[in-house]
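Understanding the architecture of this molecule
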Amino acid sequence: MISDLMNTRSTLVDRAQAEKRLAALLRQAPIEFARAAYGITDHASGRTDTMAAREIARALRQGVPVTQERVEQRARAYLPTAGHEHCPRCWVVYGQKNPLRFREASEERPETAGCGACGAEYATSLD
């Protein structure tokens, strides 16, 4: 009986944490869209020294079609699921679902999710 209560409580805590993570990651997709849109503009204008333009150039070298319409579509379609969270930047720019690795919160910093493919790092708390 007590073990059932403990399992239920940890499941609720895990579910609440997963929902917070998903909400924080969902807020990142529009930001990654804006970043990609700036990168597309910078790249087209010859300002290749910005980080966003370098990301777009890297995607183009890999053969990934990067257009304003396509990155907007991907940003709108970004939908991570609990346990299978994937990188918003890789999804929006490259159309790839690269898994995120989570690092627990400490006194100095909030919990973060990092992408091993592109190096992006996201805070996963809403505060």
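As a starting point, this report considers the structure included with it. (Residues numbered from 1 in each chain as written. Predicted model: local features only at pLDDT ≥ 70, side-chain atom pairs only at ≥ 80, totals over all residues. Heavy atoms only, no water.)

Considerations on the overall build of the protein
What the protein contains, in helices and strands, is four helices and three strands. N-terminal to C-terminal, the α/β element order of the protein is α-α-α-α-β-β-β. A buried classification covers 37% of the 127 residues belonging to the protein. Pairs at least 24 apart in sequence give 44% of the contacts found in the protein among residues at least 6 apart. (Helix = DSSP H or I, 4+ residues; strand = E, 2+ residues; numbered from the N terminus. Buried < 20%, exposed > 50% of the residue type's maximum accessible area, 1.4 Å probe, protein only. Contact = heavy atoms within 4.5 Å.)

Some words on the nonpolar core
Ranked by internal contacts, the top residues of the largest apolar core, which has 22 residues, are Val66 and Cys87. Only helix H1 (2–45), helix H2 (51–61), helix H3 (68–77), helix H4 (88–94) and strand S2 (112–115) provide two or more residues apiece to this core. If you tally residues by element for this core, the top one is H4, at five residues. (Core = buried A, V, L, I, M, F, W, Y, C linked by side-chain atoms within 4.5 Å.)

So, the sheet that holds S2
In space, the three strands of this open sheet follow the order S1-S2-S3, with antiparallel pairing throughout. Looking at strand neighbours, the two that pair on one side only are strand S1 (100–103) and strand S3 (121–123), the edges of this open sheet. For this sheet, the mean angle separating the axes of adjacent strands, direction not counted, is 25 degrees. When S2 meets S3, the two strands line up antiparallel, connected through three bridges. (Pairing = 2+ DSSP bridges. Axes fitted to C-alpha atoms, helices over the stretch in contact; angles between N-to-C directions.)

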